[in-house]
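Here are the chains, one letter per residue:
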Amino acid sequence: MKILANDGISKAGITLLENAGFEVITTKVAQEQIINYINTHQVAVLLVRSATKVRKDVIDACPSLKIIGRGGVGMDNIDVDYAISKDIQVINTPASSSNSVAELVFAHLFSGVRFLYDSNRNMPLEGDTRFNDLKKAYANGIELRGKTIGIIGFGRIGQSVAKMALGLGMKVIASDNFVGKAAIKVDFYNDQFINVEIFTEPIEDLLKHSDFVTLHVPAQKDYIIGAKEFSIMKDGVGIINCSRGGIINEVELIEALDNNKVLFAGLDVFEDEPTPAVQVLMHPQISMTPHIGAATLEAQERISVELAEQIITLLKHEI
Ligand SMILES: O=C(O)[C@H](O)COP(=O)(O)O
């Protein structure tokens, strides 16, 4: 039985699948060729990350598909309900990448409070005498310890962010339409840990009291953060988005950065992907990464194993 891992898959998952009798194809097939490829090779399982789109056209044209697997969390590139209505099983890996995404949030946050995004672009070449000017320009860094982070979306990733924030001595405010409270286990090197119970609060309270705001919600039709929300936030707030593009209004974010309402933004996702708007790309107060929240060796290995185990369980009687 053939599995096409069109956006790649780590070796650990391939090994498990091959040992169970599957053939794993890791050729990258262009979006326009995918229907033809699946039908020619009678692919039973299509595995994707966020790049390959699995819309109604692919589902309708590929009767050999039994499973569509998303190596990752967000399913916005797959017509999930339609696939299920056609008796195709749709799976993802909700837990495997939380730690990696949370660490990227802090990469952007540390970059923001110490101006790394800007100093990386400005360090002087030989003969350039601006070194002391740069020291002055970046002299007003702030510590994260003691500051308040507002976490919008308190699922697995939001809770991982909370755990790290508590470990750094930060205060946490969380907001979520579905989660009322969560017990966060903060662990330390010597196998000691503390449990902290966090109750979610209305988003207005979070916006009003946070020094930094980070978003951890699925793709939405409407913006969550725009001019109105920026106006509620503290002056000099930092904002991070490592979840989905299109939930922060980028035009209004740039206005808020230009008038110093927002001190910096850290963006891993954009309204326009893979090519963000030039105003975002050129902005000196934005730290940027190209949608790499889950792109660590560890997360991708966990994802591949989680996918493989689900596929083997679902198809074990058909191999
Ligand atoms: O939803 C996810 O899991 C992340 O956005 C990761 O996307 P990627 O697999 O394309 O890196």
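- In the nomenclature of an unreviewed UniProt entry, the chain corresponds to 3-phosphoglycerate dehydrogenase from the organism Flavobacterium humi.
- Annotation of the chain in UniProt includes, under Sequence similarities (unreviewed entry), the sentence "Belongs to the D-isomer specific 2-hydroxyacid dehydrogenase family."

**A few points about the overall build of the chain**
- Along the chain, the regular secondary structure elements total 13 helices and 13 strands.
- Over its C-alpha atoms the chain spans a radius of gyration of 22 Å, differing by no more than 12% from the 20 Å that the globule rule assigns to 319 residues.
- Principal axes of the C-alpha set define a box for the chain whose edges measure 65 × 50 × 40 Å.
- Looking at the chain as a whole, 46% of its 319 residues qualify as buried.
- In the chain, of all internal contacts separated by at least 6 residues, the share reaching a separation of at least 24 is 59%.

**A short note on the site of the ligand**
- Every residue close to the ligand is listed here: Arg-49, Ser-50, Arg-70, Gly-71, Gly-72, Val-73, Gly-74, Arg-244, His-291 and Ala-294.
- Here an oxygen atom of the ligand sits 2.6 Å away from a polar atom, N or O, in the side chain of His-291.
- Here the ligand loses 89% of its free accessible area of 320 Å² to cover by the protein chains.
- Residue composition of the shell around the ligand, by class: 2 nonpolar, 5 polar and 3 charged.

**Some remarks on the UniProt feature "domain: D-isomer specific 2-hydroxyacid dehydrogenase catalytic" (unreviewed entry) in the chain**
- On the UniProt side, "domain: D-isomer specific 2-hydroxyacid dehydrogenase catalytic" (unreviewed entry) is annotated at positions that read residues 7-317 here.
- With 37% helix and 19% strand, the stretch residues 7-317 has end C-alpha atoms that lie 27 Å from each other.

**A look at the pattern of salt bridges**
- Here the structure, examined in full by the defined rule, presents 11 salt bridges.
- With its nearest N and O atoms 3.1 Å apart, the salt bridge here joins Asp-79 to Arg-55. Residue Asp-79 is located in the loop between strand E4 (67-70) and helix H4 (80-85), and its partner Arg-55 is located in the loop between strand E3 (43-48) and helix H3 (56-61); the two are separated by 24 residues in the primary sequence.
- Judged by relative accessible area, which is 23%, Asp-79 ranks as partly exposed.

**A word on the UniProt feature "domain: D-isomer specific 2-hydroxyacid dehydrogenase NAD-binding" (unreviewed entry) in the chain**
- The feature "domain: D-isomer specific 2-hydroxyacid dehydrogenase NAD-binding" (unreviewed entry), as annotated in UniProt, sits at residues 108-293 in this numbering.
- Along residues 108-293 one finds 31% helix and 23% strand; the C-alpha atoms at either end are 11 Å apart.

**Brief notes about the packing of helix H1 (residues 11-19) against helix H13 (residues 297-315)**
- In the contact formed by H1 and H13, the axes pass within 7 Å of each other and the chain directions differ by 20°. Taken as axis vectors, H1 and H13 run roughly parallel relative to one another. Seen from above, H1 lies across H13 with right-handed handedness. On H13, the residues that touch Ala-12, Gly-13, Leu-16 and Leu-17 of H1 are Glu-301, Ser-304, Val-305, Ala-308, Glu-309, Ile-311 and Ile-312.
- Residues that form the contact of H1 with H13 fall into these classes: 7 nonpolar, 2 polar and 2 charged.

**Describing the pairing of strand E11 (residues 237-241)**
- Among the 5 residues in E11, 5 count as buried, and that is most of the element.
- With 4 bridges joining them, strand E10 (residues 212-215) and E11 adopt parallel strand pairing. For Thr-214, the partnering residue across the bridge sits in E11 and is Ile-240.
- In this fold, E10 hands off to helix H10 (residues 227-232), which returns the chain to E11; that crossover is right-handed.

**Overview of the nonpolar core**
- Counting residues in hydrophobic clusters, the biggest one holds 31 residues, and the most contacted among them are Phe-106, Leu-109, Ile-149, Phe-154 and Phe-212.
- Among the elements that make up this core, the one with the highest residue count is helix H5 (residues 98-113) (7 residues).
- Contact partners of Phe-212, with chain neighbours within four places excluded, come to Leu-109, Val-113, Ile-142, Leu-144, Lys-147, Thr-148, Ile-149, Gly-150, Met-170, Val-237, Gly-238 and Phe-264.
- In this structure, Ile-247, Ile-248, Leu-257 and Ile-286 belong to the second largest nonpolar core, which totals 25 residues.

**Observations concerning H5**
- With 16 residues, H5 extends 23 Å between its outermost C-alpha atoms, agreeing within 8% with the 22 Å of an ideal straight helix rising 1.5 Å per residue.
- With 12 of 16 residues buried, H5 is to be regarded as a mostly interior element.
- Among the residues of H5, those classed as buried are Ser-98, Ser-100, Val-101, Ala-102, Leu-104, Val-105, Phe-106, His-108, Leu-109, Ser-111, Gly-112 and Val-113.
- Positive backbone phi, approximately 60°, marks Phe-115, located one or two places after H5.

**Topic: the pairing of E10**
- Side chains Phe-212 and Thr-214 of E10 all project onto a buried face; the interleaved residues Val-213 and Leu-215 project onto the opposite face, where all are buried too.
- Here 4 bridges tie strand E6 (residues 148-152) to E10, and the two strands are oriented parallel to one another. The partner of Ile-151 across the bridge, within E10, is Thr-214.

Quick notes on the rules
- Residues numbered from 1 in each chain as written.
- Predicted model: local features only at pLDDT ≥ 70, side-chain atom pairs only at ≥ 80, totals over all residues.
- Heavy atoms only, no water.
- UniProt positions renumbered as here; feature names shortened; annotations may be inferred.
- Helix = DSSP H or I, 4+ residues; strand = E, 2+ residues; numbered from the N terminus.
- Rg over C-alpha atoms; globule rule 2.2 N^0.38 Å.
- Buried < 20%, exposed > 50% of the residue type's maximum accessible area, 1.4 Å probe, protein only.
- Contact = heavy atoms within 4.5 Å.
- Near = heavy atom within 4 Å.
- Polar contact = N/O pair within 3.5 Å; in protein donor to acceptor, adjacent residues only side chain to side chain.
- Areas by Shrake-Rupley, 256 points an atom, 1.4 Å probe, with all protein chains shown as cover.
- Nonpolar A, V, L, I, M, F, W, Y, C, P; charged D, E, K, R; others polar.
- Salt bridge = Lys/Arg side-chain N within 4 Å of Asp/Glu carboxyl O.
- Axes fitted to C-alpha atoms, helices over the stretch in contact; angles between N-to-C directions.
- Parallel < 35°, antiparallel > 145°, perpendicular 65-115°, else oblique.
- Left-handed = near helix turned anticlockwise from the far one by under 90°.
- Pairing = 2+ DSSP bridges.
- Right-handed = clockwise from strand over helix to strand, strands pointing away.
- Core = buried A, V, L, I, M, F, W, Y, C linked by side-chain atoms within 4.5 Å.
- Expected span 1.5 Å × (residues − 1).

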